[in-house]
Amino acid sequence: MGRLRLPPLPTIREIIRMYGLRAQKQLAQNFLLDENLTDKIVRCAGSVKDSVVCEVGPGPGGITRSILNAGAKHVTVIEKDHRFIPSLQLLAEASDGRMNIIHGDVMKISMDGMFPTELSKVDIIGNLPFNVSTPLIIKWLQDLSTGDGAFSNRNTRLTLTFQKEVGERLTADVGDPQRSRLSIMAQNFCEVKHCFTIPHTAFVPKPEVDVAVVHFIPRINSIIPCSFKVIEKVVKCLFQYRQKYCKRGVELLFPFDQPELVNDVFDYTGIDPSTTPMWLTMEDFSRICQVYTSICQRYPAIRYYEYR
């Protein structure tokens, strides 16, 4: 059996100097050099000992070291920036065969078959660039809804970083001013937990905002029993007028000359049309999505209607 901890290596700060690495602003890169914090991020995933882990955007390898030192059985890292590959190869050589590197863009790479379906748990961990985090979590939620990509193994869990405000949206409960489209999409498919906040001063260079670490555990069954496309469309329309009555958002789902369909939604769901979107529960969204799906079955052209 391979050793669980890495041999002595240069520090991440020394690695950055050795390889002349600098965070690129256009890629929204920020390095986390504090080993206590990288260890804490990994602990948020639960025990990774003897587990298979995928790290997205490892950069110079700070979190990667913490994953390997926590006893992961195997680590796959996906890194887009070629400048970090040599420092990651140094880690791979020291890992006793427990690490491999994929050089590519996680938004474009197919993760189908990356994790054997018989694994009891798979962890995806990442300190994500701010410009990637939201589109990537939406992409992964869509894959989760169909069991594709990394989620062909239904035991895949996520531990990711986001701008603090995005983290608050992901975890916002009913009535929270931060409740948004992202809240509903994430909470429909996962149990979402805010683990802790990293102060912006811990990063090099310092971003303008603090960073939230968020953990996602996929639900066995999503709350809303409708297609991802329907859920996304309904939620997007409802939060288009987040400060107004939810009726305004429902009206966007239908042509203006068919107001009776808007009335049908509220008649069948029993929801008060004067409720604002942030006060709608997950069950409310489920009823709206189901009624909308039923209307689309009666009037197939409705599913193709876009308010703009």
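Here is a short report on the structure shown in this document. (Residues numbered from 1 in each chain as written. Predicted model: local features only at pLDDT ≥ 70, side-chain atom pairs only at ≥ 80, totals over all residues. Heavy atoms only, no water.)

**Description of the overall build of the protein**
In terms of helices and strands, the protein carries 11 helices and 9 strands. For the protein, the C-alpha radius of gyration of 22 Å lies close to 19 Å, the compact-globule estimate for 308 residues. For the protein, the C-alpha atoms occupy an extent of roughly 70 × 40 × 30 Å along the three principal directions. For the protein, the residues scored as buried account for 50% of the 308 residues in total. Residue pairs in contact within the protein that sit at least 24 positions apart in sequence constitute 70% of those at least 6 positions apart. Carbon and sulfur atoms make up 50% of the accessible area of the protein, which totals about 14600 Å². (Helix = DSSP H or I, 4+ residues; strand = E, 2+ residues; numbered from the N terminus. Rg over C-alpha atoms; globule rule 2.2 N^0.38 Å. Buried < 20%, exposed > 50% of the residue type's maximum accessible area, 1.4 Å probe, protein only. Contact = heavy atoms within 4.5 Å. Areas by Shrake-Rupley, 256 points an atom, 1.4 Å probe, with all protein chains shown as cover.)

**Focus on the state of the cysteines**
Following the criterion strictly, the structure yields 0 disulfides and no others. Take C226: it sits in no disulfide, and the sulfur closest to it among the cysteines is that of C289, at 5.2 Å. Overall, the relative accessible area of 17% leaves C226 in the buried class. C246 takes part in no disulfide bond, and the closest cysteine sulfur, belonging to C237, lies 13 Å away. (Disulfide = S-S within 2.5 Å.)

**Points about the packing of helix 5 (residues 130-146) against helix 7 (residues 181-189)**
How two helices sit against one another is set out by the angle between their axes and by the gap between those axes. Here helix 5 crosses helix 7 at 35°, and the two axes come no closer than 10 Å. For the pair helix 5 and helix 7, the sense of crossing is left-handed. Contact residues: helix 5 offers T134, I137, I138, L141, L144 and S145, while helix 7 offers R181, L182, M185, A186 and F189. Considered class by class, the residues forming the contact of helix 5 with helix 7 number 8 nonpolar, 2 polar and 1 charged. (Axes fitted to C-alpha atoms, helices over the stretch in contact; angles between N-to-C directions. Left-handed = near helix turned anticlockwise from the far one by under 90°. Nonpolar A, V, L, I, M, F, W, Y, C, P; charged D, E, K, R; others polar.)

**A short note on the pairing of strand 6 (residues 156-163)**
Put simply, side chains in a regular strand alternate between the two faces of the sheet. Of all the 8 residues making up strand 6, 6 are buried; the element is thus mostly covered by neighbouring parts of the structure. As defined by bridge partners, strand 5 (residues 122-126) adjoins strand 6 across 5 bridges and the pair is classed as parallel. Each residue of the ladder has a partner; that of D123, found in strand 6, is R157. The β-α-β motif built from strand 5, the intervening helix 5 and the parallel element strand 6 has right-handed crossover chirality. Sheet topology places strand 6 next to strand 9 (residues 211-218); 6 bridges connect them, and they run antiparallel. (Pairing = 2+ DSSP bridges. Right-handed = clockwise from strand over helix to strand, strands pointing away.)

**Observations concerning the nonpolar core**
Ranked by size, the top nonpolar core spans 64 residues in total, and within it W140, F216 and F254 carry the most contacts. Looking at this core element by element, the count peaks at 8 residues for helix 11 (residues 282-298). Residues contacting F216, with those up to four places away along its chain left out, are I137, R157, L158, L160, F162, L170, A186, C190, E191 and V192. In this structure, I12, C44, A45 and F196 belong to the second largest nonpolar core, which totals 34 residues. (Core = buried A, V, L, I, M, F, W, Y, C linked by side-chain atoms within 4.5 Å.)

**Considerations on the pairing of strand 2 (residues 52-56)**
Most of strand 2 sits out of view: 5 of its 5 residues are buried. Residues V52, C54 and V56 of strand 2 are buried on one face, and the alternating residues V53 and E55, pointing to the opposite face, are buried as well. Strand direction decides the pairing type here: strand 2 and strand 3 (residues 74-79), joined by 5 bridges, are parallel. In the sheet register, E55 faces strand 3, and the bridge partner there is V77. Traced from strand 2 through helix 3 (residues 62-69) to strand 3, the parallel crossover comes out right-handed. When strand 2 meets strand 5, the two strands line up parallel, connected through 5 bridges. Paired with V52 across the bridge in strand 5 is V122.

**Observations regarding the side chain of N30**
Topologically, N30 is positioned in the loop between helix 1 (12-18) and strand 1 (31-32). A relative accessible area of 17% places N30 in the buried class. For N30, the side chain forms a polar contact with the main-chain oxygen of P205, separated by 2.9 Å. (Polar contact = N/O pair within 3.5 Å; in protein donor to acceptor, adjacent residues only side chain to side chain.)

**Notes on the pattern of salt bridges**
Following the criterion strictly, the structure yields 10 salt bridges and no others. As a salt-bridge pair, D81 and R83 come within 2.8 Å of each other at their nearest N and O atoms. For D81, a relative accessible area of 7% translates into the label buried. Measuring nitrogen to oxygen at the nearest pair gives 3.7 Å for the salt bridge that ties R181 to E232. One end of the pair, R181, is in helix 7; the other, E232, is in helix 8 (residues 228-238), with 51 residues separating them in the sequence. Accessibility expressed as a relative area gives 30% for R181, which makes it partly exposed. (Salt bridge = Lys/Arg side-chain N within 4 Å of Asp/Glu carboxyl O.)

Geometric descriptors of this kind do not, in isolation, establish any biological role.
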